[in-house]
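# Coordinate analysis (summary)
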Amino acid sequence: MITIDDLTVSFGAVQALRSVSFVAETAKITAVLGANGAGKTTLLRTISGLKEPRSGTIRMDERNLVHRRTEDIARLGIGHVPEGRGVIGEFTVEENLRLGAMMAKVNLQQGLSEQYEQFPVLGERRRQHAAKLSGGERQMLAMARALIAKPSVLLLDEPSLGLAPLVTAQLMHTIQSLCDTSDLTVILVEQNASSALRIAHHAVVLHVGKVVANDAASVVAADENLRQYYLGLVE
Amino acid sequence: MDPFLTSRIVTDVLGGLTNGVIYGMVALSLVLIWRSTGVLNFAQGAMPMFATYVGFALLSYHFGYWPCVVACIIAGLLIGGLTERLLVRRLYGKPEINPIVVMVGFLIVLEAVAAAIWSSFPRSLPSPFSSIDWQLAGKPIALSPFTVYEIATGLLVMTAVAVLFRFTKLGLQLRASAVAPEVSRLLGVRVGRLLTLGWMLSTVVGVITTVLVSSNFFTGLTPQVMDGIFAFGFIAAAIGGLESPVGAIIAGILLGIANQFVTDFVNQNAVIIIALALLIVSLMIRPSGVFTKRTERRV
């Protein structure tokens, strides 16, 4: 479980997040929605320690994550799939996965087998350089690389960005089944609000750094004002 | 008598190979630092020189050649690590000219301090092998036990670096930290420590090179012992591509052989002119280096 309390993050004089508070429950998907510049990516980067907050706390169960190094936060079991996927193009698929498995106390061969079973196309292309994969395959690789370490929390930043609708639907299905079959806590940042709300249990809507909605995903999805003014979902 | 082994061409190739391996090692040490931290280390000759002086100071305490070499390597590890932590770490993310100016300054300081402590006169080091060329039927071939030691050590170091980077967990982390530091941190890799380790490793490659150069009977150890060799190593790294360790090694070896041919067939004074001409031509044709793939840094 991730508990964010009164989190404020600034870039110089500009406040990117203003007193943000919410809870991401264990084994649930929490969607963080909002337009460009709402502060969604900054939120994930702050949880991962890539950005230092001005004030507030981020707790994983009872441990405060603020002021910890990114690599230490990762070692606590937080997997972060960054915007743009962050696969290392000059590494092969398998080298990317080996890198993901390195810090976790997992059996490499078993971890690789599990990920190739989950994402068969990665098994077929294990010796290929990641730069040669399609957008969807890169997204799968980025997720597999985070999952191979068996994280307890998975931060996904715009996983559907640049993907075809069919690939996005498959991806969302994968995220949902991961959550259903394990205790994985997922914080899913998305601009594609309708896809995210379809699989999320809880939704937080950000608008210029402030929380404007924090409720069950079904409630947010049914709120006409939120849909129209903050999520750009017009019937 | 075997006329082939003592022919002028083979003699030049063998003689050039020895220098080429040394240039290749200097180029490799430059590439290791460039790839991991984006710093062009102009003190890459001076730092190992200083470590070699420190290590061979043990000669005064009646230690032999090999214990001194181990001491040089330990000193190199310390100098490399401390330089990264105390000097270079503050320069990451700054304009590219800043680390260049700082490292040129560091080079001057190290050479001045070494001269002040140990003097500028060549200091002859014990050599573990003879530098006298073997002979075939009364004619020398351009190989001595010492040159075989130089070539074998160089190839061993290059192979060890390649194996480390290609086949080990540590190598994977070093490569990842170099090309994608933020992603590596998100995966739990301690990037800061690995950058320090990269500098330590590179300095050790430089130390082994300096030990080979200065334990040659004809060279000796001076504060400027690596200056000329650094220039050729730098040219090799630029021709091979600062992104490509294999390219740097190949370019170093070829440059060594080319230099030997120029010395033999033209004039020794023409060597640096022709080496610089090669550099200019290669930079005009492929500015990123002959062996660098254009996509290598794409993440």
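These numbers were taken from a predicted model, which means no experiment stands behind them. (Residues numbered from 1 in each chain as written. Chains lettered and ligands numbered in written order. Predicted model: local features only at pLDDT ≥ 70, side-chain atom pairs only at ≥ 80, totals over all residues. Heavy atoms only, no water.)

Counting its regular elements, chain A contains 10 helices and 10 strands. By principal-axis analysis of the C-alpha atoms, chain A measures approximately 45 × 45 × 30 Å. Taking all 235 residues of chain A together, 54% fall into the buried category. Here the analysis covers contacts within chain A between residues at least 6 apart in sequence; of these, 66% occur between residues at least 24 apart. (Helix = DSSP H or I, 4+ residues; strand = E, 2+ residues; numbered from the N terminus. Buried < 20%, exposed > 50% of the residue type's maximum accessible area, 1.4 Å probe, protein only. Contact = heavy atoms within 4.5 Å.)

Next up on the list: the overall build of chain B. Each helix and strand counted, chain B has 11 helices and 2 strands in total. Mapped from its N terminus to its C terminus, chain B presents α and β elements in the order α-α-α-α-β-β-α-α-α-α-α-α-α. Judged by the C-alpha coordinates and their principal axes, chain B covers about 65 × 50 × 35 Å. For chain B, long-range pairs separated by at least 24 residues make up 74% of all intrachain contacts whose partners lie at least 6 apart in sequence. Accessible area of chain B: about 13500 Å², with a carbon and sulfur share of 71%. (Areas by Shrake-Rupley, 256 points an atom, 1.4 Å probe, with all protein chains shown as cover.)

Residues and elements named next belong to chain B. Between its terminal C-alpha atoms helix α10 (residues 245-265) stretches 30 Å, which fits the 30 Å expected from 21 residues at 1.5 Å a residue. All of the buried residues in α10 are G247, A248, I249, A251, G252, I253, L255, G256, I257, N259 and V262. Considering only its buried residues, α10 is in contact with α1 (8-37), α5 (145-167), α9 (227-240) and α11 (270-285). (Expected span 1.5 Å × (residues − 1).)

With that out of the way, let us pick up a nonpolar patch on the surface. All names here are of chain B. A surface patch of nonpolar side chains, amounting to about 760 Å² of accessible area, comprises I9, V13, F265, V266, I272, I273, I274, L276 and L278. Residue assignment for the nonpolar patch shows that the elements contributing at least two residues are α1 and α11. If you tally residues by element for the nonpolar patch, the top one is α11, at 5 residues. Relative to the assigned elements, I9 resides in helix α1. (Patch = residues over 30% accessible without salt bridge, like charges linked within 9 Å, V, L, I, M, F, W, Y side chains within 5 Å. Salt bridge = Lys/Arg side-chain N within 4 Å of Asp/Glu carboxyl O.)

With that out of the way, let us pick up the domain arrangement of chain A. All names here are of chain A. Partitioning chain A into structural domains gives domain 1 (1-77 + 152-235) and domain 2 (86-151). One C-alpha centre belongs to domain 1, the other to domain 2; they are set 23 Å apart. Facing 15 residues of domain 1, the contacting portion of domain 2 comprises 11 residues. For the pair domain 1 and domain 2, the summed buried surface comes to about 990 Å²; carbon and sulfur atoms form 79% of the total. Sorting the residues of domain 1 by area buried against domain 2 places R75, L154 and L178 first, and these three jointly supply 33% of that buried surface. Counting every contact that joins domain 1 to domain 2 gives 0 salt bridges. Between domain 1 and domain 2 we count 0 residue pairs in polar contact (both at pLDDT 80 or more) in total. Elements represented by at least two residues in the side of domain 1 that touches domain 2 include exactly β7 (153-157) and α7 (165-181). (Domains from an automatic or database assignment. Buried area = accessible area lost by both parts, 1.4 Å probe. Polar contact = N/O pair within 3.5 Å; in protein donor to acceptor, adjacent residues only side chain to side chain.)

This brings us to the side chain of T30(A). Residue and element names in this part refer to chain A. Here T30 shows up in strand β3 (residues 29-33). The class of T30 is buried, set by a relative accessible area of 0%. With residues near it in sequence (within four places) discarded, T30 still touches F22, V23, A24, E25, V186, I187, L188, H202 and V204.

A few words now on the interface of chain B and chain A. Taken together, the 23 residues of chain B in the interface contact 24 residues of chain A. Regarding the contact of chain B and chain A, the summed buried area is about 2300 Å², with carbon and sulfur atoms giving 58% of it. Remark: the boundary between chain B and chain A carries 6 salt bridges. Between E95(A) and R166(B) there is a salt bridge, with the nearest N and O atoms lying 3.7 Å from each other. Viewed at the interface, chain A and chain B are joined by 6 residue pairs in polar contact (both at pLDDT 80 or more). Contributing elements (two or more residues each) for the side of chain B that touches chain A: α6 (169-179) and α7 (181-186) of chain B. Among the residues making up the side of chain B that touches chain A, the classes are represented as 10 nonpolar, 3 polar and 10 charged. (Nonpolar A, V, L, I, M, F, W, Y, C, P; charged D, E, K, R; others polar.)

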